[in-house]
Amino acid sequence: YLYPLNYNFKNGILDLKKFLLLEDDERYYFELQFSNLVDPGWHKEYGFQLTFAAIAIRTEDSKGYSKNIDYNSKYILPKGREFSRLIIVGGGLEILNELNKIIAAYYPLEDDFKNPLGDVVNKRIRFAIGKDLLGKINSSSRITILVGAQDDGGGAGIGVFREVDFDPMEWKGGGKKNKNDDNIYDILLIN
């Protein structure tokens, strides 16, 4: 897809280059590395904006799964990749269960600019989540990461995947062949 035409959509902000998942006894540590990351300065507490991601995790110990990512992704996970937990990364974090219900969230406050999720110098987004919220992630777990442009409606907040149309516009991406195609620029499949 083509990026929206507004100058803040810098080349590479929708290009996931590396994903790291580490753990200790209590938490999982996530790092998403991009080709580029921008902070237009609208909300310094986020440390970045205009990049949006969904991390779908399928663990073996789950009681159920969902295939619908929602958040204007227009993306349905294929059979075997459905999630038991979904982490939405935008103007904060939301964690959803297999029923697509938010079970935990983090919405940055103004003072959080001292330790934001995003780091434009190193082109990465990092955060930690308690294991009790995600279930047991192991080498058999399937993880699907979707990346697109963030649209928070101009009012801040977590946001959704920004619409992609046939032709790019100032605030919409372009390059769709079919109106019903998804709004996802990059996908990483693990396992």
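Structure: see above.
Residues numbered from 1 in each chain as written. Predicted model: local features only at pLDDT ≥ 70, side-chain atom pairs only at ≥ 80, totals over all residues. Heavy atoms only, no water.

Trainee: How should the nonpolar core be read in this particular structure?
Mentor: For soluble globular proteins, nonpolar side chains are generally found buried alongside one another. With 34 residues, the main nonpolar core has Phe30, Ile55, Ile87, Val89, Phe127 and Leu134 as its most contacted residues. Elements with a contribution of two residues or more to this core: strand E1 (16–23), strand E2 (27–34), strand E3 (51–58), strand E4 (85–90), strand E5 (92–97), strand E8 (124–130) and strand E9 (142–151). If near-sequence neighbours (up to four positions away) are discounted, isoleucine 87 is found in contact with Phe30, Ala53, Ala54, Ile55, Ile57, Leu93, Glu94, Ile95, Phe127, Ile129 and Leu134. Ile69, Tyr75, Phe161 and Ile184 belong to the second-largest nonpolar core, a separate cluster that totals 15 residues. (Core = buried A, V, L, I, M, F, W, Y, C linked by side-chain atoms within 4.5 Å. Buried < 20%, exposed > 50% of the residue type's maximum accessible area, 1.4 Å probe, protein only. Helix = DSSP H or I, 4+ residues; strand = E, 2+ residues; numbered from the N terminus. Contact = heavy atoms within 4.5 Å.)

Trainee: I would appreciate a short explanation of the sheet that holds E1 in the present structure.
Mentor: Strand pairing in a sheet relies on backbone hydrogen bonds, with the paired strands running either antiparallel or parallel. Spatially, E1-E2-E8-E7 is the arrangement adopted by the four strands of the open sheet, whose pairing is antiparallel. At either margin of the open sheet sits one strand with a lone partner, and together these are E1 and strand E7 (118–119). Pairing analysis gives two bridges linking E7 to E8, with the strands arranged antiparallel. The partner of aspartate 119 across the bridge, within E8, is arginine 124. (Pairing = 2+ DSSP bridges.)

Trainee: Looking at this structure, how should I read the packing of aromatic side chains?
Mentor: Two aromatic rings, taken as a pair, are described by how far apart their centres are and by the angle between their planes. Under the criterion given, the structure shown has seven aromatic pairs. The interplanar angle of 85° and the centroid separation of 4.7 Å between the aromatic rings of phenylalanine 52 and phenylalanine 161 together place this pair among those described as edge-to-face. Of this pair, phenylalanine 52 sits in strand E3 while phenylalanine 161 sits in strand E10 (residues 160–161); the two residues are 109 residues apart in sequence, bridging distant segments of the chain. Residue classification places phenylalanine 52 among the buried residues on the basis of a relative accessible area of 0%. What links up through ring pairs into an aromatic cluster is the set Tyr1, Tyr3 and Tyr185. Positioned above the aromatic ring of tyrosine 65, the side-chain terminus of arginine 58 is 3.8 Å from the ring centre. In this structure, lysine 131 is placed above the aromatic ring of tyrosine 28, and the distance from its NZ or CZ to the ring centre is 5.2 Å. (Phe/Tyr/Trp six-rings, centres within 6.5 Å; stacked < 30°, edge-to-face > 60°. Lys NZ or Arg CZ within 6 Å of the ring centre and 35° of its normal.)

Trainee: When you look at the environment of asparagine 191 in this model, what are you seeing that I'm missing?
Mentor: Structurally, asparagine 191 can be placed in the segment after strand E11 (186–190). Along the sequence, asparagine 191 and threonine 51 sit 140 residues apart, while their C-alpha atoms lie 24 Å from each other. Filtering out sequence-adjacent residues up to four positions away, asparagine 191 remains in contact with Arg81, Ser139, Ser140, Ser141 and Arg142. Here serine 139 takes part through its backbone oxygen, which lies 2.6 Å from a polar atom of the side chain of asparagine 191. A distance of 2.6 Å separates a polar atom in the side chain of asparagine 191 from the backbone oxygen of serine 141. (Polar contact = N/O pair within 3.5 Å; in protein donor to acceptor, adjacent residues only side chain to side chain.)

Trainee: Please explain the pattern of salt bridges as it appears in this structure.
Mentor: Note that side chains of opposite charge can pair when their charged atoms are close. Per the counting criterion, the structure on display carries twelve salt bridges. Among the salt bridges present, the one from aspartate 15 reaches lysine 17, with a minimum N-O distance of 4.0 Å. On the basis of relative accessibility, which here comes to 55%, the residue lysine 17 falls in the exposed class. Residues aspartate 165 and lysine 179 are paired through a salt bridge, measuring 3.7 Å at the closest nitrogen-oxygen approach. Of this pair, aspartate 165 sits in the loop between E10 and E11 while lysine 179 sits in the loop between E10 and E11, placing them 14 residues apart in sequence. Here the salt bridges do not stand alone but share partners, grouping Lys74, Glu163 and Lys176 into one network. (Salt bridge = Lys/Arg side-chain N within 4 Å of Asp/Glu carboxyl O.)

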